[in-house]
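Architecture at a glance
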Amino acid sequence: MLRTMLGTWIAVLVLSSGVAVAQSGSKKVVHDAEYYVLEAQNGKRWAAEDRTLDARLAELRKKHGQPPNIIHIMWDDTGFGDVGIPAISKIRGFESPSIDRMAREGMMFTRMYTEVGCTPSRSACMTGRYAVRSSTYDIGFPIHNEGLSGKEVTVAEVLSQSGYATAFYGKWHLGDIEESYPHNQGFDETLFTPYNQVTSLQNQMGEAANAVLGLMEEMLPEDPYKLDDTILPTGWVQVIEGKKGELGKEWGDTTHETFLKVDPECHTRSLEFIQKNAEEKKPFYVAYWPNMTSFIPSPNKVTVARGLYQDGFTVNVDNYIGRLMDQLQELGIAENTLLVAMADNGPMAHNPPPGLGMTETIFRGGKGDFLEGGVRVPAFAWWPGVIEPGQLVGDIVHETDLYTTFARLADTKDAIPTDRIVDGLDQTALLLEGDTHGRRDHVFIYAGPTLGAIVKGNYKKHCISSDPTAGSGIAAAYYFLLHDTREKTPMLINLLHFKGAFNRMQARHELWKNKYPDWPATRGPAFKGLANPRPETKALANPPVQFQNLPFDPLEYIEFDPPFDLNADPDLGQ
């Protein structure tokens, strides 16, 4: 009883002291409230550990003459276990030899958490913040008129402060407005897709195959009942390349042929970028987030599964990782390079295109769900000579932790903003010391703007519950994840003693959000800031001539905040 009361008072006192620190104008990074509860109990041990870590990092910098290079590879929609565990890959009809090698020679995370979908997950990695903080939870499709705010301080901007060369290649999916482009967010050079793989269908080939319906009107019989010429997206851009301080340029066009060229081009550019900076002895940060697959099947099958996912992963992810690891060793920089490879969220288990080949594996749910299957992903770290090989890590890690960990490794923590909540925690100790040295035991999982679930250790509460007694405040919404990986057996009496603890966690989290409110979404005209816009692209920022006399501004919809389409039924997973 005394221990429980003490824990409660510690939590209250720490939250109060945290408010005082923030109000006093301290330059310390502001974390979510739950961190301070952990720090109050573990801070002395962590401080002693940090002194050892700092000494070790200093030795590494002296040995190599510079801080470590950092490479982050993140692909789409993969359930935990599908890669890195050869027996499961075999069951799924493909192999992942390069990822398996990373697991053997490095570290496999068993509890890496992400956001529920592409855009929020990418935002979290770039900013170290839950996507709800910046309202970047809405997944964008042409035309979105929205994107990552220029007020955000990305990991590229943080590392640039320490002299890192930075490059982004692949699927950005963080907006189609000018300030959101990666070369306007701290990257020195970029080649990126503003949207996701759906654009691989939005062309004549997709229309011919009925993979999209009614998009390419020039291919269809004339509709005598059509009255509106503005309903379909036109002028959107599929691929942009850019350099820091310069206007971007449209690369290729919106055809399927251009989509298929993106990942191979990213492979070439990223390997050349790495070689160039290795030769110049300049530290670098590369983010390669592959598009991985077209949603139009290729006749060239490379796996037994014949799925878009399995074939795309094999060619555009695993093969590339193998080439990358070999190149790092050939250049003699592997021992000064941290390579992190992971999925961005769970599989597209709901409403996938035909032949995609994604499915739930160990955990229930998929992309879009706050269930474990939607947010618990395969993840690996490889750093020869630093990360002990063959490690299986059970500590909880969230993708936002990469932000603060990369900053620590680059010795540029001072560049992390201190005027907002940064959810990422420094997990350097976990990388260098191994299992049980993590500094996180909790995750808040959002379904769009709504808190969907809270994880604390091996226990989980669904904040959105289909239990009919939820209105009474005693819903059977608590789960013991070690017994129930499918989250199919909610408990009430067995776990009701956690009700108060989860309520306190949520209250602290919400109170801290009141102190540091979420930002509104950042919106504007799409595809400005391009040096070579097509006429139809330029027209996106100007209403048609015939709209001049409307009784409203035809572009005012851009700034309107529509209600978020939330379908958060926790029984979506089968």
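Scroll up for the structure.
The residue count restarts for each chain, going from 1 along the sequence in the order it is written. Under the rules for a predicted model, residues below a pLDDT of 70 receive no local features and side-chain atom pairs below 80 are neither given nor counted, while totals for whole chains, interfaces and linings still include all residues. Just so you know, side-chain values use all the structure's heavy atoms and leave hydrogens and water out.

In this section: the overall build of the protein. Assigned secondary structure in the protein consists of 14 helices and 17 strands. Computation of the radius of gyration draws on C-alpha atoms alone. For the globule rule, the value is 2.2 Å times the number of residues to the power 0.38. Computed over the C-alpha atoms, the radius of gyration of the protein is 24 Å, within 12% of the 25 Å expected from 2.2 N^0.38 for a compact globule of 574 residues. Along the three orthogonal principal directions, the C-alpha set of the protein runs to about 75 × 60 × 50 Å. Within the protein, the proportion of its 574 residues that are buried is 56%. Between two residues, a contact is recorded if the distance between any of their heavy atoms is within 4.5 Å. Relative to all contacts within the protein whose residues are 6 or more apart in sequence, the contacts with residues 24 or more apart total 73%. Accessible surface, the protein: about 24,200 Å² in total, of which carbon and sulfur atoms supply 54%. Starting at the N terminus, helices and strands are each numbered in turn, a helix being any DSSP run of H or I of at least four residues and a strand any DSSP run of E of at least two. To sort residues, take the accessible area from a 1.4 Å probe on protein chains only and compare it with the maximum for the residue type: under 20% means buried, over 50% means exposed, and anything in between is partly exposed. Working definition of accessibility: Shrake-Rupley area with a 1.4 Å probe, residue cover restricted to the visible protein chains.

Okay, the pairing of strand 5 (residues 189–193) next. For strand 5, the tally of buried residues reaches 4 of 5 residues, placing the bulk of the element in the interior. A pair of strands is treated as paired once DSSP finds two or more bridges between them. Pairing analysis gives 5 bridges linking strand 4 (residues 165–171) to strand 5, with the strands arranged parallel. Bridging from a neighbouring strand, Lys171 pairs with Thr193 of strand 5. Of the pairings in the sheet, the one linking strand 5 to strand 6 (residues 240–243) comprises 4 bridges and is antiparallel in character. Within strand 6, the position partnered with Thr190 by the bridge is Gly242.

Now for the sheet that holds strand 16 (residues 478–480). Reading across the sheet, the 4 strands line up as 13-14-15-16 and stay open at both edges, with antiparallel pairing between neighbours. Since the sheet does not close on itself, it has two edges, and those belong to strand 13 (442–447) and strand 16, each with one partner. Averaged over neighbouring strand pairs, the angle between their axes works out to 20° when direction is ignored. Alignment of strand 14 (residues 450–456) against strand 15 (residues 459–462), held across 4 bridges, turns out to be antiparallel. Its bridge partner being in strand 15, Lys456 is matched across the sheet by Tyr459. What counts as an axis is a line fitted to C-alpha atoms, over the stretch in contact for a helix, and the angles between N-to-C directions run from 0 to 180 degrees.

Take Ser200: it is sitting in the loop between strand 5 and helix 7 (204–208). You can call Ser200 buried: its relative accessible area is 0%. For this analysis, a polar contact is any N or O atom pair within 3.5 Å, provided that within protein one partner can donate a hydrogen and the other can accept it, and provided that sequence-adjacent residues contribute only side-chain to side-chain pairs. Within the local environment of Ser200, its side chain forms a polar contact with the backbone oxygen of Gln197, the two atoms lying 2.6 Å apart. Beyond its immediate stretch of four places on either side in the chain, Ser200 contacts Gln238, His256, Phe259, Ser294, Phe295 and Ile296.

Generally speaking, soluble globular proteins have nonpolar side chains that are buried together. Within this scheme, the nonpolar core is defined by two criteria: the residues are buried Ala, Val, Leu, Ile, Met, Phe, Trp, Tyr or Cys, and they are joined through side-chain atoms within 4.5 Å. Grouped together as the largest cluster of nonpolar side chains are 106 residues, with contacts concentrated most on Trp75, Phe109, Tyr285 and Phe527. The element best represented in this core is helix 9 (residues 308–330), accounting for 9 residues. Excluding its chain neighbours within four sequence positions, the residues that come into contact with Trp75 are Val83, Ile99, Pro290, Met292, Phe313, Val317, Ala341, Met342, Ala343, Asp344 and Pro378. Within the second largest apolar cluster, 25 residues are counted, among which are Ala447, Ile464, Leu495 and Phe502.

Now for helix 5 (residues 118–127). In an α-helix, one turn spans 3.6 residues; hence positions three or four apart end up facing the same way. Counting buried positions along helix 5 yields 10 of 10 residues, so the element is predominantly enclosed. Listed in full, the buried residues belonging to helix 5 are Cys118, Thr119, Pro120, Ser121, Arg122, Ser123, Ala124, Cys125, Met126 and Thr127. The elements touched by buried residues of helix 5 are strand 1 (69–75), helix 6 (155–160), strand 4, strand 8 (284–289) and helix 11 (401–409). The positive-phi residue at the C-terminal boundary of helix 5 is Gly128, with phi of around 70°.

The next subject is helix 8 (residues 256–279). Residue count minus one, scaled by 1.5 Å, sets the expected span of a helix. With 24 residues, helix 8 ought to run about 34 Å at 1.5 Å a step, and its terminal C-alpha atoms sit 36 Å apart, in line with that. The quantity called bend is, for any residue, the angle between two axes fitted respectively to the seven residues ending at it and the seven beginning at it. The sharpest bend along helix 8 reaches about 30° and sits at Val262, with the proline Pro264 one to four residues further on. In the segment just after helix 8, Lys281 is the residue with positive phi, at about 55°.

On to the packing of aromatic side chains, then. Whether two aromatic rings pair depends on their centres lying within 6.5 Å, for rings of Phe, Tyr and Trp, where Trp uses its six-membered ring; planes under 30 degrees apart make the pair stacked, over 60 edge-to-face, and the rest tilted. Under the counting rule described, the total for this entry stands at 25 aromatic pairs. Between Phe168 and Trp289 the ring centres are 5.1 Å apart and the planes differ by 90°, which places this aromatic pair in the edge-to-face class. One end of the pair, Phe168, is in strand 4; the other, Trp289, is in strand 8, and 121 residues separate them in sequence. Accessibility expressed as a relative area gives 0% for Phe168, which makes it buried. Accessibility expressed as a relative area gives 0% for Trp289, which makes it buried. Ring geometry for Tyr459 and Phe480: centres 5.1 Å apart, planes at 25°, overall stacked. With Tyr459 in strand 15 and Phe480 in strand 16, the pair connects residues that are 21 residues apart, well separated along the chain. On the accessibility criterion, Tyr459 (25% relative accessible area) is partly exposed.

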